[in-house]
Every structure is written in C-alpha cells, then in structure tokens.
Amino acid sequence: MSGFLNSSIGRKVAMALSAFFLMFFLLQHFAINILSVFSPELFNEVSHFMGTNPLIQFALQPVLIFGVVFHFVMGFVLEIRNRKANGVKYAQNNGAANSTWMSRNMIWSGVAILAFIILHFIDFWFPEINTKFVNGDWSGTMEGVEGYRYYEELVHKFASPIRVGAYVIAFVFLALHLLHGFTSAFQSMGGTAGRKKTLQTIGKAYSIIIPLGFIFIALYHFFNH
C-alpha cells in the first residue's frame, strides 16, 4: 500500500476513491437531514436508527472518520507535491488560461470545508459521542422533549444567525470544491474524454443541488424557529 501511495498515479486514485466515498456519504446525509423539513417524526426515527445501530456505530462510523481524515491528508500531500514539482508557490501559479478558478484553489476551499467539519463535529458529533459513550445514554430521549431528541437538537443549533451564516458560507465553498472535484475524481479513475461533458453535467447538478439543499435546511429551521 505504501508503494502504491508513493506513486503519483496511486495518490490520485486513492484521492478519487476517498472522494467517491465522501460524496456518497454526503448524499446519504442530505437524504436524512431533508426529512427534518417534511417530517420531524420520521427524521427522529431514522436518526435514532442510524445513531444506535451497532453496524453503523462500530463499523461504518470509524470508516467514515478514516475517509474524511485520509481525504484531507492526501489533499494536502498532493498540494505539497505539486508545489515542489512546479517549483513555484501555488499562489503564484498563472494557470488561468488553461484551468478554472476552482481547480487552482481546491486547497483553500478544502481548508474552509475542514473548518466547517470541525464546527459540525463540535455541534453534533462530539455531544452525541459524549451522550452515548461517556454517559451511556442510548435512549435517544431528552428531558422536556416528547419522543426522540434529534429534531429538537437540530432546530436548536440553527437558532443562531452566526452559526447558520457559517453553515451557508461553508456549503458555498463545498459547492465550489465539488464543481472541480467531482469531474476530477472520475478522470483520475480513467474517465474518457468522450464522457467528460456528461460527467461535467452530472457533476454540476450534484455540486449545486446538494449544497443548496443543505443551505435550504439550515435557513428553513432558522426562519421557522
């Protein structure tokens, strides 16, 4: 494995595979969160299932965390290698003639997304881990809340305009990151030039609809709080 990751092609393929995994997770995460807009009860039920299922908690969740860390570490490694190969600083690259703004600034949109993930972990994941693994409470309930607590916690987080603003900005950066990353991942896996236009069309749709959907969820709960 180390030999594979030491090659330029190996690193790009590994980066692409981790991108596919995270894009699939993002789609699944959106599908669950959009339920909070249409049916708080169903959102609670699905969230409780995801949060207490042993397979998800003890097998898939560690894989997800590894995937996130791996993708960002590999992204920084590729960025450093590219800088050394070019012999110039990334900020000094004058590649506007044959590359897009998104492709030239993937590292910065990635940093913004990483900052958002840390905020998201602080908001949701760390409290959830504390409740279940430290306090030993897997009931999914909370004092003063009828039924499961997940919807109430979600709405409470989106009551702050500062937090909602941070989420909106983060998903704008995510859209910019995906606009290049989606097509780039397929090209790294051997996507043909003939399919490039189709992949770009699908990539644009995914890169706009999914982040816009998350923005809608945040704004919906903020204005309906």
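What you see is a predicted model, and the numbers here were worked out from it, not measured in a lab.

### Notes on the nonpolar core
No. 1: Counting residues in each nonpolar core, the largest one holds 33 residues, and the members touching the most others are Leu-26, Phe-171 and Tyr-206.
No. 2: For this core, the element with the highest residue contribution is helix α9 (residues 161–188), accounting for 8 residues.
No. 3: Excluding residues within four positions of it along the chain, Tyr-206 makes contact with Met-23, Phe-24, Leu-26, Leu-27, Leu-178, Phe-182 and Pro-211.

### So, the side chain of Asn-53
No. 1: For Asn-53, the position within the fold is in the loop between α4 (40–52) and α5 (54–86).
No. 2: Its relative accessible area of 17% is what places Asn-53 among the buried residues.
No. 3: For Asn-53, the side chain forms a polar contact with the main-chain nitrogen of Leu-55, separated by 2.9 Å.

### Side note on the UniProt feature "transmembrane region" (unreviewed entry) in the protein
No. 1: This chain's UniProt record puts "transmembrane region" (unreviewed entry) on residues 55–78, 106–126, 164–185 and 205–223.
No. 2: From the first C-alpha to the last, residues 164–185 spans 30 Å; its make-up is 100% helix and 0% strand.
No. 3: The distance separating the terminal C-alpha atoms of residues 205–223 is 26 Å; by composition the span is 100% helix and 0% strand.

### Topic: the environment of Thr-183
No. 1: Considering the arrangement of structural elements, one finds Thr-183 in helix α9.
No. 2: Separated by 21 residues in sequence, Thr-183 and Lys-204 place their C-alpha atoms 8.9 Å apart.
No. 3: Aside from chain neighbours lying at most four places away, what touches Thr-183 is Leu-199 and Gln-200.

### Here we look at the packing of helix α7 (residues 106–134) against α9
No. 1: At a minimum axis separation of 9 Å, α7 and α9 run at an interaxial angle of 140°. Regarding the angle of α7 to α9, the classification is oblique. Crossing angle aside, the handedness with which α7 passes α9 is left-handed. Here α7 contributes Met-106, Ser-109, Gly-110, Ala-112, Ile-113, Phe-116, Leu-119, His-120, Asp-123 and Phe-124 to the contact with α9, which in turn contributes Arg-163, Ala-166, Tyr-167, Ala-170, Phe-171, Phe-173, Leu-174, His-177, His-180 and Gly-181.
No. 2: When its residues are assigned to classes, the contact of α7 with α9 shows 12 nonpolar, 6 polar and 2 charged.

### A short note on the packing of aromatic side chains
No. 1: What the rule picks out here adds up to 18 aromatic pairs.
No. 2: Taking the centre distance of 5.0 Å and the plane angle of 75° together, the rings of Phe-222 and Phe-223 count as edge-to-face.
No. 3: Among the residues examined, Phe-222 registers a relative accessible area of 25% and is labelled partly exposed.
No. 4: Of the residues examined, Phe-223 reaches a relative accessible area of 64% and is grouped as exposed.
No. 5: A network of ring pairs unites the aromatic residues Phe-30, Phe-116, Phe-158, Tyr-167, Phe-171 and Phe-214 as a single cluster.

### Regarding helix α10 (residues 196–223)
Note: α-helices contain 3.6 residues per turn, so residues at a spacing of three or four share the same orientation.
No. 1: For α10, with 28 residues, the first-to-last C-alpha span of 40 Å sits near the 40 Å given by 1.5 Å per residue.
No. 2: Turning to α10, its buried residues number three or more, namely Leu-199, Gly-203, Tyr-206, Ser-207, Ile-210, Pro-211, Gly-213, Phe-214, Ile-215, Ile-217, Ala-218 and His-221.
No. 3: Along its buried surface, α10 packs onto α2 (8–33), α3 (35–38), α8 (150–157) and α9.

### Here's the deal with the environment of Gly-213
No. 1: Along the polypeptide, Gly-213 turns up in helix α10.
No. 2: Its relative accessible area of 10% is what places Gly-213 among the buried residues.
No. 3: Gly-213 sits 179 residues away from Ile-34 along the chain, and the two C-alpha atoms are 7.7 Å apart.

### A word on the pattern of salt bridges
No. 1: The tally for this structure, following the rule as stated, stands at 4 salt bridges.
No. 2: Note that Lys-132 and Glu-128 form a salt bridge whose closest N and O atoms lie 3.7 Å from each other. One end of the pair is Lys-132 and the other is Glu-128, both in helix α7 and 4 residues apart, which spans about a single turn. Glu-128 matches Lys-132 in its accessibility class, with the two residues each being buried.
No. 3: For Arg-149, the salt bridge identified is with Glu-153, shortest N-O distance 3.0 Å.
No. 4: Using a relative accessible area of 3% as the deciding quantity, one classes Arg-149 as buried.
No. 5: Among the residues examined, Glu-153 registers a relative accessible area of 24% and is labelled partly exposed.
No. 6: Salt bridges sharing common partners tie together Glu-128, Lys-132, Arg-149 and Glu-153.

Rules used throughout
- Here the residue numbers are simple positions, counted from 1 along each chain's written sequence.
- Given that the model is predicted, a residue must reach a pLDDT of at least 70 before its local features are reported, and side-chain atom pairs must reach 80 or more before they are shown or counted; all residues, however, enter totals for whole chains, interfaces and linings.
- Only heavy atoms go into the side-chain values, all of them from the structure, while hydrogens and water stay out.
- We call a set of buried residues a nonpolar core when its members are Ala, Val, Leu, Ile, Met, Phe, Trp, Tyr or Cys and they connect through side-chain atoms within 4.5 Å of each other.
- Categorising residues by exposure relies on relative accessible area from a 1.4 Å probe, with only protein chains included: less than 20% of the type maximum marks a residue as buried, more than 50% marks it as exposed, and the intermediate range marks it as partly exposed.
- Strands are runs of DSSP state E lasting at least two residues, helices are runs of H or I lasting at least four, and both sets are numbered from the N terminus onward.
- Any two residues whose heavy atoms approach within 4.5 Å at even a single point are treated as in contact.
- Polar contact is the term for a pair of N or O atoms within 3.5 Å; when the atoms are in protein, one must be able to donate a hydrogen and the other to accept it, and sequence-neighboring residues count only if both atoms are side-chain atoms.
- UniProt positions are given in the numbering used here, feature names are shortened, and annotations may be inferred rather than shown by experiment.
- Here the axes come from fitting lines to C-alpha atoms, over the contacting stretch only for helices, and the angles between their N-to-C directions go from 0 to 180 degrees.
- Just so you know how the angles are binned, under 35 degrees is roughly parallel, over 145 roughly antiparallel, 65 to 115 roughly perpendicular, and the rest oblique.
- Crossing handedness follows the turn of the near helix against the far one: under a right angle anticlockwise gives a left-handed crossing, and clockwise gives a right-handed one.
- Classification used: nonpolar for Ala, Val, Leu, Ile, Met, Phe, Trp, Tyr, Cys and Pro, charged for Asp, Glu, Lys and Arg, polar for all others including Gly.
- Side-chain rings of Phe, Tyr and Trp, where Trp is taken by its six-membered ring, are said to pair if the distance between their centres is within 6.5 Å; with planes under 30 degrees apart they count as stacked, over 60 as edge-to-face, and otherwise as tilted.
- Take the residue count of a helix, subtract one, and multiply by 1.5 Å to get its expected span.
- When a carboxyl oxygen of Asp or Glu lies within 4 Å of a side-chain nitrogen of Lys or Arg, that pair is called a salt bridge.

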